[in-house]
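Coordinate analysis (summary)
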Amino acid sequence: MTTHLYLAPAGGGKTAYLIDLARQAVGELGPCGRGAAPRVVVPTRLQVRMWRERLAQMGGALGVHIGTFDDIYREVLRTSGRRVTRLVDAVQLRLLRSLVGDAPLTYYDRIRALPGFVQALRDLIGELKAGGIFPDRFVAAVQEMRAGPRLAELAQLYDAYQRRVQHEDWADYAGVGWLAEEDLVAHTEIAADWPCVLVDGFDDLTTVQVRVLARLAERVGQMVITLTGTVEGVERSLMHKRFLHTRQQLERELRIVAEPLPAVPDVTSRALPLAHLERTLYAGVGDRVSAAGGSVTLAAVPDREAEVRTALRWIKARIVRDSLRPGETAILARSLEPYRAHLQQVG
């Protein structure tokens, strides 16, 4: 049972490395064992689809399970035999609305009927549960702080919500993770036959997700986690703040030390100015390099509509002349709202 946390810069070959591991795992020389069925964990369904596409482009492999943490939770609960009724959003909101209506509130009495209050309450409960904070602990902390009715009433609502959910044998999204961790603790045989768990594409992880990974790391054959960053060199806290926090969290909970990605990617195709930007942006260090060759182009235009037309014209040229697919291009802005109408009109 080995666990590795590998770091590499953005575009540094992290996903390609894990895809190669996954393909080897179901082959004869895989580090996870011959004929293994590796589990790949990514943040979203969109990344599940992208991972499958990249896996196919690199030669494909049968038996690679690609999913999100929700899929891992479901597999753990299915193996333990626990039956869970998933609380859908509409039912959760109705439940919270009912609890808020019946609660003896004073501080929030004037806004309890507003739909935004119930939505904000649901978001708060989701954050608390994702952080692994149980209602009794939250109530005790609020009482110890003597924070007054503002937090006391929120703690009261959180406690009432969780009691009702448990009474009905329901589970919300974060609650499924709680149950999965409980079953991993209670049943040490669950996932013991998993040869590989590969975690890719995350910039942060919730406390519950890290705890589940820690439980799995104790029993699976190999766990490999990739993050954006560098082991050596200047830490760019302005850019990598979330990555740095996640790295420290994983190193502490999994008792591992981050390492540089073993595979050295071929960066010869990356233009020197772009590689230089990736290495030094917001680092406060670095020499100037020439932007010759067209890899970086600055355009001065009179207004936002002209900005949009210039950007779309450039993207169209890349698609037509360089045979790029539309999905391989992107338009970035500090905020898209000022450009949205122009993008819809020109696009």
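A brief look at the structure comes next.

Rules of the game
- Residues numbered from 1 in each chain as written.
- Predicted model: local features only at pLDDT ≥ 70, side-chain atom pairs only at ≥ 80, totals over all residues.
- Heavy atoms only, no water.
- Helix = DSSP H or I, 4+ residues; strand = E, 2+ residues; numbered from the N terminus.
- Contact = heavy atoms within 4.5 Å.
- Areas by Shrake-Rupley, 256 points an atom, 1.4 Å probe, with all protein chains shown as cover.
- Salt bridge = Lys/Arg side-chain N within 4 Å of Asp/Glu carboxyl O.
- Buried < 20%, exposed > 50% of the residue type's maximum accessible area, 1.4 Å probe, protein only.
- Core = buried A, V, L, I, M, F, W, Y, C linked by side-chain atoms within 4.5 Å.
- Phe/Tyr/Trp six-rings, centres within 6.5 Å; stacked < 30°, edge-to-face > 60°.

**Considering the overall build of the chain**
When you go through the chain residue by residue, the secondary structure sums to 13 helices and 8 strands. A fraction of 75% describes how many contacts in the chain between residues 6 or more apart in sequence connect residues 24 or more apart. With an accessible surface of roughly 20,600 Å², the chain has 53% of that area assigned to carbon and sulfur atoms.

**Remarks on the pattern of salt bridges**
All chains considered together, the criterion is met by 19 salt bridges. The partner of Glu 75 in a salt bridge is Arg 39, with the nearest N and O atoms 2.5 Å apart. You can see Glu 75 sitting in helix H3 (residues 69–80) and its partner Arg 39 sitting in strand E2 (residues 39–41), a full 36 residues away along the chain. Taken as a pair, Glu 75 and Arg 39 share a single burial class, namely buried.

**Considerations on unusual backbone geometry**
Even without being a glycine, Asp 169 presents a positive backbone phi close to 60°. Within the secondary structure, Asp 169 is located in the loop between helix H7 (149–167) and strand E5 (170–171). A residue is classified by how much of its surface remains accessible, and Asp 169, at 57% relative accessible area, is exposed. With a phi angle near 70°, Ala 191 is a residue other than glycine that sits in the positive phi range. The class of Ala 191 is buried, set by a relative accessible area of 3%.

**Describing the nonpolar core**
Considering soluble globular proteins, one finds that nonpolar side chains tend to be buried as a cluster. Among the nonpolar cores identified, the biggest contains 60 residues, and Leu 216, Met 223 and Leu 250 are the most heavily contacted of them. With residues near it in sequence (within four places) discarded, Leu 216 still touches Ile 72, Leu 184, Ala 191, Trp 194 and Met 223. In this structure, Tyr 17, Leu 18, Leu 198 and Val 224 belong to the second largest nonpolar core, which totals 17 residues.

**Side note on the packing of aromatic side chains**
We describe a pair of aromatic rings using the distance from one ring centre to the other and the angle between the two ring planes. Following the criterion strictly, the structure yields 7 aromatic pairs and no others. Geometrically, the ring pair formed by Phe 69 and Tyr 73 is tilted, given 6.0 Å between the ring centres and 40° between the ring planes. Placement of both Phe 69 and Tyr 73 in helix H3 is noted, with a separation of 4 residues, approximately one turn of the helix. Taken as a pair, Phe 69 and Tyr 73 share a single burial class, namely buried. Aromatic pair Tyr 107 and Tyr 108: ring centres 4.9 Å apart, planes at 75°, arrangement edge-to-face. The exposure class assigned to Tyr 107 is partly exposed, which follows from its relative accessible area of 47%. Tyr 108 gets classed as buried once you look at its relative accessible area, which sits at 10%.

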